[in-house]
Amino acid sequence: MSRIGKKPITIPDGIKVELNGNHVQVSNSKENLSLDVDPKINVKVEGSEILVTRDSDEKEVRALHGLTRSLINNMVVGLKDGYEKSLEINGTGYRAQKQGKKLIINLGYSHPIEFEEPEGIILDAPATTKITVKGADKQLVGETAARIRALRKPDPYHGHGVRYSDEVLHLKEGKTSSK
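Calculation rules
- Residues numbered from 1 in each chain as written.
- Predicted model: local features only at pLDDT ≥ 70, side-chain atom pairs only at ≥ 80, totals over all residues.
- Heavy atoms only, no water.
- Helix = DSSP H or I, 4+ residues; strand = E, 2+ residues; numbered from the N terminus.
- Rg over C-alpha atoms; globule rule 2.2 N^0.38 Å.
- Buried < 20%, exposed > 50% of the residue type's maximum accessible area, 1.4 Å probe, protein only.
- Areas by Shrake-Rupley, 256 points an atom, 1.4 Å probe, with all protein chains shown as cover.
- Lys, Arg positive; Asp, Glu negative; His and termini not counted.
- Charge placed at Lys NZ, Arg CZ, Asp CG, Glu CD.
- Pairing = 2+ DSSP bridges.
- Contact = heavy atoms within 4.5 Å.
- Axes fitted to C-alpha atoms, helices over the stretch in contact; angles between N-to-C directions.
- Expected span 1.5 Å × (residues − 1).
- Phe/Tyr/Trp six-rings, centres within 6.5 Å; stacked < 30°, edge-to-face > 60°.
- Lys NZ or Arg CZ within 6 Å of the ring centre and 35° of its normal.

(A) Geometry of the overall build of the chain. Looking only at helices and strands, the chain features 2 helices and 13 strands. Compactness check: the chain gives a C-alpha radius of gyration of 21 Å against a globular reference of 16 Å for 179 residues, more than 25% above the reference. Here the C-alpha coordinates of the chain stretch approximately 70 × 45 × 20 Å along the principal axes. The buried share among the 179 residues of the chain stands at 34%. When the accessible surface of the chain is totalled, it reaches about 11,200 Å², and 47% of it is carbon and sulfur. Averaging the locations of the 28 positively and 25 negatively charged side chains of the chain gives two centres separated by 7 Å.

(B) Seen up close, the sheet that holds strand 6 (residues 49–54). The sheet built from 3 strands is open, its strands ordered 1-6-5 with antiparallel pairing. Looking at which strands have only one partner, the edges of the open sheet turn out to be strand 1 (9–10) and strand 5 (41–46). With 6 bridges connecting them, strand 5 and strand 6 associate as antiparallel partners. Counterpart to glutamate 46 in the pairing with strand 6 is glutamate 49. Taken strand by strand, helix 1 (residues 59–80) contacts strand 1, strand 5 and strand 6, and its axis lies near 165 degrees from that of strand 6.

(C) Just the pairing of strand 12 (residues 130–135), in detail. Examined bridge by bridge, strand 7 (residues 83–90) and strand 12 share 6 bridges and lie antiparallel to one another. Across the sheet, residue leucine 87 finds its bridge partner in strand 12, namely isoleucine 131. Where strand 11 (residues 121–127) lies against strand 12, 5 bridges are found, and the strand directions are antiparallel. Of the residues in strand 12, the one forming a bridge with isoleucine 121 is glycine 135. In sequence, strand 11 turns back onto strand 12 through a hairpin of 2 residues.

(D) Structural view of helix 1. Compared with an ideal rise of 1.5 Å per residue, which puts 22 residues at 32 Å, helix 1 spans 32 Å between its outermost C-alpha atoms and is within 8% of the ideal. All buried positions along helix 1 are accounted for by Val61, Leu64, His65, Gly66, Thr68, Arg69, Ile72, Met75, Val76, Gly78 and Leu79. Looking at the packing, one finds that the buried side of helix 1 touches strand 1, strand 3 (23–27), strand 4 (32–36), strand 5, strand 6 and strand 7. Glycine 82 lies just past helix 1 and shows a positive phi near 90 degrees.

(E) Quick look at the packing of aromatic side chains. One pass over the full model with this rule turns up 0 aromatic pairs. Over the face of the ring belonging to tyrosine 164 we find lysine 85, whose NZ or CZ atom lies 5.2 Å from the ring centre. Sitting above the plane of the tyrosine 109 ring, arginine 152 keeps its charged end 4.2 Å from the centroid.

This is the structure:
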């Protein structure tokens, strides 16, 4: 039995879970997230807990068991607390600012980059060199942060670019002259 898959998921107050066949929908007062579950996995709501079980012991089904439980748990946690990723901008003249639903980022190109806020994501620039990505969908928060980072990845020699705030960057040594 999967160690992760057999753990029950506690449903906190204010979160509503609906099961419709193989479709799980988790919602709070503001937004909702949904997941289509593989038919080999069973999801039940008993009281204030969600139980994820499986019928067979095949390798694929065992893997799906833990995955499904984690995905449903991420939806519950995201709607209760939310997820957040922080990015830092390093470099001379590199900066970001929020204008309405757009993030205007200057990263040393000939033009500023306008990054549109995706549905369900809140972008913020608390300082000119910091960006925060917030939302209820863990996968969408991570994907949006990765797309912003991809606009100018950190340079391995000087460290200029956009990086996660907890990312450790090992700078390479430059060329040396031999005399």
